[in-house]
Structure formats: structure tokens, C-alpha cells
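Chains, contacts and geometry: an overview
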Amino acid sequence: MVVTCPCALGLGLPLGRELAHARLRDLGVLLRNDSFLDRVMQVQKVVFDKTGTITRGQLTLGPSSRLALAALDPADRGVLQSMVTRSNHPVSRSVAEALTSQSKQARLVSEPVSADTVHETPGMGLRLSDGEHEYRFGRPEFVLDQETVGSPADFPGAVFGLDGEPRVTLEFQEDLRPDACSEVKALRDLGLSVHLYSGDNSNKVAQVAEKLGLDSDRILSDLSPEEKAGAVADLDQDDTLMVGDGLNDSLSFDAAFCRATPAVDRAFLPQKADFYFLGDGIGAVRHAIEMARRLVRVQRGNLAFAALYNALAVSLCLMGVVTPVVAAILMPLSSVTVVALTSHRLASRRLRWTH
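Anyway, here's the lowdown on the structure attached to this text. (Residues numbered from 1 in each chain as written. Predicted model: local features only at pLDDT ≥ 70, side-chain atom pairs only at ≥ 80, totals over all residues. Heavy atoms only, no water.)

Moving on to the packing of aromatic side chains. All chains considered together, the criterion is met by four aromatic pairs. On the numbers, 5.8 Å between centres and 10° between planes, the contact of Tyr135 with Phe160 is stacked. Of this pair, Tyr135 sits in strand E6 (residues 134–138) while Phe160 sits in strand E7 (residues 158–162), and the two are 25 residues apart along the sequence. For the pair formed by Tyr135 and Phe160, the shared burial category is buried. Seen from their ring centres, Phe305 and Tyr309 are 6.4 Å apart, and the 15° between their planes marks the pair as stacked. (Phe/Tyr/Trp six-rings, centres within 6.5 Å; stacked < 30°, edge-to-face > 60°. Helix = DSSP H or I, 4+ residues; strand = E, 2+ residues; numbered from the N terminus. Buried < 20%, exposed > 50% of the residue type's maximum accessible area, 1.4 Å probe, protein only.)

Laid out in C-alpha cells, this is it:
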């Protein structure tokens, strides 16, 4: 009983998990659910939202859209500014910054309005009603009266309208996160299927997918939050990791097996996520998966070492060759060995994916 070693279970396993947490924290990955390290081993598919996740989320208005925005009637500018300043969506933030910048540079006047009645429909847009008229800003099908305006395809961007009639259409430019292409390829090299789901129009999503090297059967566009959640659920609820950043991804998080977000500044998504991450890239997704896989290998190695050691030690004891002094030495030596091996494999050696 003295010479046997339960340390692989008593020391090695919890130490390994703690070192994995610490290593991921160093990489800007903060785990909320420890069970993620076990569940992610089942993940075969990774679904990315586009805006704010694969792209930086810092949209900029195109030159023609800036001119159109500056030409708005002061009353309309005031309404639009009051609406977008009450939303954290990247489109709203971009318009709010443009309006503020134009007001300072050209001394454009915006007539402020009370926006206590602004309501946001996730994945669709904003609306404000003053009792007589209703302003809307967002997707064309959300803003426009189809019977009088025509097809939303005629409005390639976000639309600001009054009572179903367009006031201005705004188009945006966006950049991929710097490591998006390389990280998507790395995830595919790990044997994972990568998907891109978005509420944006098909042209924008197709352009991003082409840069990422994704096939057309791996992308979906023009999705409402409910449709996106349904698409995630259709993949497989037991092997899907969803990565998103906005309120419109909340339902998709509910449908996914594992969840991650870069949106650390929005309380509703981190509360649902298994982990959230910092930085300007998406490498954290791969780091978390690779660390979980490495942890499993280390834990299996510890169990194998413990089984081999105990079999050998008990055999020597039954043969009568182990004295009390030898037992007193072997037992702590085995413990130190398990701790040292675990620390070396998870902490001391620089992993290839941190270079």
C-alpha cells in the first residue's frame, strides 16, 4: 500500500487541467466551462458568424454612402443618429461614428429626437415610432414596403426609411481579421469542417467565403437569427462549435454543442459561451481545440504511467525485493515524476502553435 501510486488521478489529472487553463489564459482564451475541454473532443464542425467574427466588425461607409449620409435632411439625420447610438451592432456603430465625424468636420446640424421608443429586432434592424410615423433602419426587407418599393435586392446595403419608403441606402466595407484565412485552413487541417453563416446578402458572404477557401455548400447567407439557429441545429447538435459575436447569434448558441465568442464587451453572449477570447484574430478557436487534444494525450499518458508503475511495484513487492526504505523512496519519486511530466508537457515547453 505504501509503494502504490494513485498520483495520476490525485495529482496529475487536476494539475493538467489547471495548467491547460493557465496556458489558454496566456493566449487570451478564457474558459467559462471546464467541461468544454471534454466536450470539444466530440466537435467535428466549426460554424463562424461573418460580421464581427470572421471580419473585424469595424465597418466603414463607402465614399458614395458618406455623401448620401451627409445629404440627409437634418431631421432625418437626428432620427438616424438617435437610433444607431442605441445599438451595439457593427453597422449601427459605423453609422454613428460617420454621423459624429461629419457633424464635427462640416458642422452639419442634426436635430436630436427622443429615442426612448427605439426597438431592436435581432438580425433585422432598428425601429422608432413617434405615434404618427415609423422610422426603420436595417435590412431592406425589414425597412421597406414591398408592395410599393419592389425587391430588396435593389437596395444592396442597410436602408434607412420612413413609413416603408427609403430615405437613404448605405453600403459598407469590411476587412477580414488578419489571421482568418490561415486559421480556417488550420482548422480544416485538423480534420474539422468549417462553415460560414451570416445574415448578410449572398454577394458579401460569397466574397468572404472565396477568400477563406470555403466551398459553396459550407456557406449560408440572408439568414434571420431563427434561420441561423435552425441551420446550426441541422448540422448536428452533438458535434458543432458555434463562434459568433452578436445578439443575432444568441439563438445559434442555444442550438450548438459548444460556443465561443470574441465579444467580451457584451454580457449576453459571454454568459452563454464556453469560452471567450481576446485579440484581433480567431486563432483562439484553434488554440482551445489543440489544447484540449493535448490535455487528453497527457492524461492518458499519466494513467498509462501509473498503471505500469503500480504493476511493476506490486510485482516487486510480492517477490519480496522491496524493503520499507525502497517503498518510501519509490512512492514520492513516482509522484514527482507524474507532476514533472505533466508540467513539462503542458507548461514548460513552448507549443508549436504559440510561435
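Moving on, we come to the pairing of E7. Of all five residues making up E7, five are buried, and the element is well covered by its neighbours. Side chains Ala158, Phe160 and Leu162 project from E7 onto one buried face, and the interleaved Val159 and Gly161 project onto a second face that is buried too. As defined by bridge partners, E6 adjoins E7 across four bridges and the pair is classed as antiparallel. In the sheet register, Gly138 faces E7, and the bridge partner there is Val159. Both E7 and strand E8 (residues 165–170) contribute to a ladder of five bridges, which runs antiparallel. The residue of E8 that forms the bridge with Gly161 is Pro166. Between E7 and E8, which pair antiparallel in sequence order, lie two residues; one of them, Asp163, sits at a positive phi of approximately 50°. (Pairing = 2+ DSSP bridges.)

A few words now on the pattern of salt bridges. Any two side chains of opposite charge can pair, given that their charged atoms come close. Using the criterion set out here, one finds 20 salt bridges in the structure. Measuring nitrogen to oxygen at the nearest pair gives 3.2 Å for the salt bridge that ties Asp38 to Arg17. Of this pair, Asp38 sits in helix H2 (residues 36–39) while Arg17 sits in helix H1 (residues 7–26), placing them 21 residues apart in sequence. A residue is classified by how much of its surface remains accessible, and Asp38, at 44% relative accessible area, is partly exposed. The exposure class assigned to Arg17 is buried, which follows from its relative accessible area of 16%. One salt bridge connects Asp189 with Lys185, and the closest N-O pair in it is separated by 3.1 Å. Of the two residues, Asp189 and Lys185 both sit in helix H9 (residues 180–189), four residues apart, roughly one turn of that helix. (Salt bridge = Lys/Arg side-chain N within 4 Å of Asp/Glu carboxyl O.)

So, on to the sheet that holds strand E2 (residues 45–49). Spatially, E1-E14-E13-E12-E2-E10-E11 is the arrangement adopted by the seven strands of the open sheet, whose pairing is mixed. Pairing within the sheet leaves two strands with one partner each, and these edge strands are strand E1 (29–31) and strand E11 (219–220). Judged from the two bridges that link them, strand E13 (residues 258–261) and strand E14 (residues 275–277) form a sheet pairing that is parallel. Bridge assignment links Thr261 to a residue of E14, and that residue is Tyr276. Taken strand by strand, helix H13 (residues 283–318) contacts E1, E2, strand E12 (240–243) and E14, and its axis lies near 135° from that of E14. (Contact = heavy atoms within 4.5 Å. Axes fitted to C-alpha atoms, helices over the stretch in contact; angles between N-to-C directions.)

Quick look at the sheet that holds E8 now. Read from one edge of the open sheet, five strands run E4-E5-E6-E7-E8, paired in antiparallel fashion. Only two strands of the sheet have a single neighbouring strand rather than two, namely strand E4 (119–121) and E8. Each adjacent strand pair in this sheet contributes to an overall mean axis angle of 20°, direction not counted. Docked against the sheet, helix H5 (residues 74–84) engages strand E5 (125–129), E6, E7 and E8, running at close to 60° with respect to E6.

These values are about where atoms sit, not about what they do.
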